[in-house]
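A closer look at the structure
Each chain, written out:
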Amino acid sequence: MESLANGLILAFLATAAAVPFLRHPAKAFGWVDRPGGRKKHHKITPLTGGPAMALGLLAGLATLRPDQPFTLGALGLLFLLGLLDDRIDLSATLKLAGKIIAALAMVFGDGLVVSEHGVPFGFSLSLGVLSAPFTILLIVGFLSALNMADGSDGLAGSITLISVTALMLIGHFAKVSPAPLAGLTVAITLAFLLYNFPFRQARRAKIFMGDSGSLLLGGLIAVSAIDLSQRAGNAVPPMLVAAVLALPVFDCLILMGRRMAKGQSPMQADRDHLHFIFERAGLGKRSIVLLIGAGLALVSAFATLLWLAKAPDYAITVLLAAVFWGHLTLMRRAWRSAQLLRTVSNLATPASAREQVPLRVILGAGEKADDKTAETSKDSPNPTARAPKVRR
């Protein structure tokens, strides 16, 4: 236990120290996110969050040395894939291929397979030989989900911190020793959030994690979830682990479904993510992160309480179905939801502290204006284009 604590402290300190050290080299070599197009930040921002967390992870691994060589290699591949994408904007096909290769290494190299499926629908479910392909699909899907969630300061890091902490608490209740990679994930994410979390509404992030960071963290969360499921066996139902990861996955699935229904590519950027709905409602960056983080924590806590109360697995399935329906309703009626949230926010905020922006500007200026000025992931077709001015 002492070596685990030493590894976590070392990982935290290494990550925190690497951020300022990497800032100037990142600007010199072009590993930066430039303002313009659909992005809302106004200054060139280094994409050093991913490299800093990778260095912190390596520092911790030097002490802990987990016996998962193929998994560590897969995480390295994901980091390098994201690092290249941050610099030269890789095609969606190439990124998908890299994710699949990394998932294959985890599944067939170190045997990270979701083999226990519990009783999610009132009867025992076993995929047998399909367990490995199913696990690969889960890993690749979650990598994409967390990458899509990285659209607001502190959001992807907060999702990671809450999810992995919840998984470790579940492991504690199941009397499963904490996995070294899960602990290291918490340590490096905490250090990263010191520079990226919007502690004040008007505070701008000093760094972004970039695709290198979101893919690395996505891989670490997936490994932590599958590792817990494996080591706990029947003690932890798979639906409980799914509940911990539900919100970013639901957001990704609903958006991809909506895009395909419109005849668009599922990877096409848009303004319909949950955090953009909250943004259109007039919420600040800190409020958005706290609101989504609270939702994720509540779903995880409620599911965990059902499990501790020895409720049947399908009770958690019903909970997830209700959360999915609520999420779908919110996103299908995005503009009306934003208007309602704006009204509630105004009622809860003193008049002197309200943002003096007319509601018609936020909700009535049109989707086109918002689409041209908003920050999204780097799969935008022209990330360097200047956004036209919008008349107020």
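Residues numbered from 1 in each chain as written. Predicted model: local features only at pLDDT ≥ 70, side-chain atom pairs only at ≥ 80, totals over all residues. Heavy atoms only, no water.

Mapped onto the fold, Thr-48 is located in the loop between strand S2 (45-46) and helix H2 (49-64). Among residues more than four places away in sequence, those in contact with Thr-48 are Val-19, Leu-22, Arg-23, Ala-26, Ile-207 and Phe-208. (Helix = DSSP H or I, 4+ residues; strand = E, 2+ residues; numbered from the N terminus. Contact = heavy atoms within 4.5 Å.)

Right, let's talk about the environment of Val-186 for a bit. As for its placement among the helices and strands, Val-186 is situated in helix H7 (residues 180-196). Accessibility expressed as a relative area gives 16% for Val-186, which makes it buried. Spatially, the C-alpha atom of Val-186 lies 7.8 Å from that of Thr-160, the residues being 26 residues apart in sequence. The contact partners of Val-186, leaving out residues within four places of it in the chain, are Leu-161, Val-164, Thr-165 and Met-168. (Buried < 20%, exposed > 50% of the residue type's maximum accessible area, 1.4 Å probe, protein only.)

On to the packing of aromatic side chains. Across all of its chains, the model carries 2 aromatic pairs by this definition. When the ring of Phe-250 is compared with that of Phe-324, the centres are 5.0 Å apart and the planes differ by 80 degrees; the resulting orientation is edge-to-face. Placement of the pair is Phe-250 in helix H10 (residues 246-261) and Phe-324 in helix H13 (residues 313-332), with a sequence separation of 74 residues. (Phe/Tyr/Trp six-rings, centres within 6.5 Å; stacked < 30°, edge-to-face > 60°.)

Two side chains that carry opposite charge are able to pair once their charged atoms sit near each other. Using the criterion set out here, one finds 1 salt bridge in the structure. With a shortest N-O distance of 3.4 Å, Lys-95 and Asp-85 are connected by a salt bridge. You can see Lys-95 sitting in helix H4 (residues 92-109) and its partner Asp-85 sitting in helix H3 (residues 69-88), a full 10 residues away along the chain. By relative accessible area, Lys-95 is classed as buried at 15%. Residue Asp-85 is classed as buried on the basis of its relative accessible area of 3%. (Salt bridge = Lys/Arg side-chain N within 4 Å of Asp/Glu carboxyl O.)

Before going further, it helps to examine the nonpolar core. Ranked by size, the top nonpolar core spans 95 residues in total, and within it Leu-57, Met-106, Ile-139, Leu-220, Val-236 and Ile-316 carry the most contacts. With 11 residues, helix H8 (residues 210-232) is the largest single contributor of residues to this core. Once residues lying within four places of it in the same chain are set aside, the contact partners of Ile-139 are Ala-103, Met-106, Val-107, Ala-222 and Ile-226. (Core = buried A, V, L, I, M, F, W, Y, C linked by side-chain atoms within 4.5 Å.)

Bringing unusual backbone geometry into the picture now. Residues apart from glycine generally show negative phi values, whereas peptide bonds are mostly found in trans. Its identity is not glycine, yet Asp-89 carries a phi of approximately 60 degrees, on the positive side. Relative to the elements of secondary structure, Asp-89 occurs in the loop between H3 and H4. Its relative accessible area of 40% is what places Asp-89 among the partly exposed residues. At Lys-310, a position not held by glycine, the phi torsion is positive, near 60 degrees. By relative accessible area, Lys-310 is classed as exposed at 75%.

Given a rise of 1.5 Å per residue, 18 residues ought to cover 26 Å, and the 25 Å separating the end C-alpha atoms of H4 matches this to within 8%. Residues of H4 that are buried: Lys-95, Gly-98, Lys-99, Ala-102, Ala-103, Met-106 and Val-107. Along the axis of H4, the buried positions cluster into a sector of 165 degrees, meaning they face one direction only. Away from its buried face, by an angle of more than 90 degrees, H4 presents the exposed residues Thr-93 and Phe-108. Here the buried face of H4 lies against H3, helix H5 (131-149) and H8. Looking at the residues trailing H4, positive phi occurs at Gly-111, about 70 degrees. (Expected span 1.5 Å × (residues − 1). Arc of directions from axis to C-beta.)

All quantities given are derived from atomic positions and should not be read as evidence of function.
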